[in-house]
Amino acid sequence: MLSRVADTIYWLARYMDRTQAMLQVIRTHYQASQDSPSEFSWRSLLYSYGGSLTLEEVAAMERDTPRVLDRIILGKDNPTSAFNSVLQARENARAVQDHITQEVWQSLNSFYHATREGEIPEQIRFGDPLSGIDALMRHGLVFIGAVQNTMPRDESYGYLNLGKLLERALQTTDTLRVQWLNVAAQALPEREIPQLRYLVHSMSGQELYLKTYRGNFNPESVLQFVLHNAYFTHSLHSCLSRLSWYFERLKSDSLPESHEKLEFLIGRLANQVKYTDASARDPQQLNDFLLHTRKELLNIAVALGKNYLGKS
């Protein structure tokens with residue numbers, strides 16, 4: 001496969017997983033806003049998804065929910081909005097239609113048009129935002145199903161999964177780091193911390209967590225779940241294990257030195273996550289570990305770009 005084609009497919013997957021993760025975080029944040037509307041702020045999400053806003057612009061809109069949702073989900077002039085992520089994924093898909101199935105293209109094209117016009121944007125702006133966000137997330141699930149059920153297990157499928165898993169690991173790291181600030185600030189040993197429930201829910205892990213820990217939301221259990229649970233598809237352990245598996249499939253078509261470099265970087269980070277002593281009792285240590293993990297994930301992305309995707 002040409003490196004240009006592999007790069008396009010890889011970024012298609014990254015944009016789509018970024019969109020789905022972003023919508024789930026926004027959905028959970030909106031639900032949390034209903035618990036204490038007078039104290040609620042969108043500040044953290046505006047910093048993450050608002051684009052190049054000044055501190056004054058963030059302060060002016062952080063409590064204006066319709067305005068915030070319009071900017072971070074539908075904003076055409078916001079490069080980090082969900083709309084623009086789907087647009088970028090669609091443009092990438094258009095360029096490699098010979099390497100993806102018709103069903104994958106159609107699901108992505110439908111997703112793009114759903115963010116652009118019609119009932120869903122109207123719901124988000126003027127109606128029930130949750131219904132609109134849920135409708136967009138269903139489009140994302142259709143795309144995931146189309147990839148899973150119609151793509152041949154060839155190089156294209158491999159690069160789709162490399163992009164998806166690397167982006168998912170980054171999203172898990174960033175979500176945990178940002179939201180743990182709220183957990184650390186609200187930690188009250190004598191009662192459950194609501195932010196822990198929101199954190200797990202924002203990663204689509206609430207159902208598995210409840211089955212695993214019988215509903216006991218405590219900081220140490222949540223942290224171990226997000227970092228190490230092998231059955232949770234958004235845990236760092238799960239993402240890195242599957243990233244390693246899909247990367248290993250490229251070995252026969254790789255230059256030995258290129259494969260060895262990436263294999264080392266992925267394996268080193270997987271072991272660092274596996275053996276970390278980061279604890280919920282030490283928020284600063286946890287924050288340092290997550291920043292280091294993010295840096296290592298970006299190093300993997302850069303090395304993948306240089307050795308496999310034709311990036312200089």
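Up top is the structure these notes are about.
This section reports on the structure supplied with the text. From a predicted model like this one, the values you see are computed outputs, not experimental measurements.

Re the overall build of the protein
Thought 1: Counting its regular elements, the protein contains 15 helices and zero strands.
Thought 2: Computed over its C-alpha atoms, the radius of gyration of the protein comes to 20 Å, within 12% of the 20 Å expected for a compact globule of 312 residues.
Thought 3: Once the C-alpha set of the protein is aligned to its principal axes, its extents read approximately 55 × 50 × 40 Å.
Thought 4: Considering only intrachain contacts with a sequence separation of at least 6, the fraction spanning at least 24 residues in the protein is 62%.
Thought 5: Counting only carbon and sulfur atoms, one obtains 50% of the accessible surface of the protein, whose full area is about 14,900 Å².
Thought 6: Here the protein contributes 33 positive and 35 negative side-chain charges, whose respective centroids are spaced 2 Å apart.

Notes on the pattern of salt bridges
Pairing between side chains of opposite charge can happen when their charged atoms approach one another.
Thought 1: Counting across every chain of the model gives 13 salt bridges.
Thought 2: The salt bridge partner of Glu 62 is Arg 43, with a shortest N-O separation of 2.6 Å. A residue pair is termed long-range when its members are at least 10 positions apart, and Glu 62 in the loop between α3 (55-61) and α4 (65-74) and Arg 43 in helix α2 (residues 43-49) qualify at 19 residues.
Thought 3: For Glu 62, a relative accessible area of 10% translates into the label buried.
Thought 4: Note that Arg 94 is salt-bridged to Glu 91, the shortest N-O span being 3.6 Å.

What about the nonpolar core?
Thought 1: Membership of the largest hydrophobic core comes to 99 residues, with the highest contact counts inside it found for Ile 26, Trp 42, Ile 72, Ile 73, Leu 176, Trp 180 and Val 222.
Thought 2: If one sorts the elements of this core by residue count, helix α1 (residues 3-33) sits on top with 14 residues.
Thought 3: With sequence-adjacent residues up to four places away left out, Leu 176 is seen in contact with Leu 199, Met 203, Leu 223, Val 226, Leu 227 and Leu 290.

Some points on the layout of surface pockets
In this approach the atoms are scanned with a rolling probe the size of a water molecule, which exposes any empty space left behind.
Thought 1: Roughly 560 Å³ of internal volume is contained in the second largest pocket.
Thought 2: Residue lining of the second largest pocket: 29 residues in total, with Asp 17, Gln 20, Ile 144, Arg 168 and His 234 positioned closest to the centre.
Thought 3: Within the residue set of the lining of the second largest pocket, elements represented by two or more residues are α1, α8 (129-150) and α9 (155-186).
Thought 4: By residue number, the principal contributor to the lining of the second largest pocket is α9, which donates eight residues.
Thought 5: Residues that form the lining of the second largest pocket fall into these classes: 13 nonpolar, twelve polar and four charged.

Regarding the packing of aromatic side chains
Thought 1: Counted by the stated rule, this structure contains twelve aromatic pairs.
Thought 2: Ring centres 5.4 Å apart and planes at 85° place the aromatic pair Phe 40 and Trp 42 in the edge-to-face group. An identical accessibility class is assigned to Phe 40 and Trp 42; each is buried.
Thought 3: Ring geometry for Tyr 209 and Phe 225: centres 5.2 Å apart, planes at 85°, overall edge-to-face. Here Phe 225 lies in helix α12 (residues 219-228) and Tyr 209 lies in helix α11 (residues 206-213), a separation of 16 residues in the sequence. Of the two residues, Tyr 209 and Phe 225, both sit in the buried class.
Thought 4: Through successive ring pairs, a cluster of aromatic residues spans Tyr 209, Tyr 213, Phe 217, Phe 225 and Phe 232.
Thought 5: For Arg 153, the ring lying beneath its charged end belongs to Tyr 157, and the centroid distance is 4.1 Å.

What counts, and where the lines are drawn
Residues numbered from 1 in each chain as written. Predicted model: local features only at pLDDT ≥ 70, side-chain atom pairs only at ≥ 80, totals over all residues. Heavy atoms only, no water. Helix = DSSP H or I, 4+ residues; strand = E, 2+ residues; numbered from the N terminus. Rg over C-alpha atoms; globule rule 2.2 N^0.38 Å. Contact = heavy atoms within 4.5 Å. Areas by Shrake-Rupley, 256 points an atom, 1.4 Å probe, with all protein chains shown as cover. Lys, Arg positive; Asp, Glu negative; His and termini not counted. Charge placed at Lys NZ, Arg CZ, Asp CG, Glu CD. Salt bridge = Lys/Arg side-chain N within 4 Å of Asp/Glu carboxyl O. Buried < 20%, exposed > 50% of the residue type's maximum accessible area, 1.4 Å probe, protein only. Core = buried A, V, L, I, M, F, W, Y, C linked by side-chain atoms within 4.5 Å. 1 Å grid on protein atoms, 1.4 Å probe; cavity = no way out; pocket = protein on both sides within 12 Å on 5 of 7 lines; lining within 4 Å. Points joined across faces, edges and corners; volume = space filled by probe spheres on them. Nonpolar A, V, L, I, M, F, W, Y, C, P; charged D, E, K, R; others polar. Phe/Tyr/Trp six-rings, centres within 6.5 Å; stacked < 30°, edge-to-face > 60°. Lys NZ or Arg CZ within 6 Å of the ring centre and 35° of its normal.

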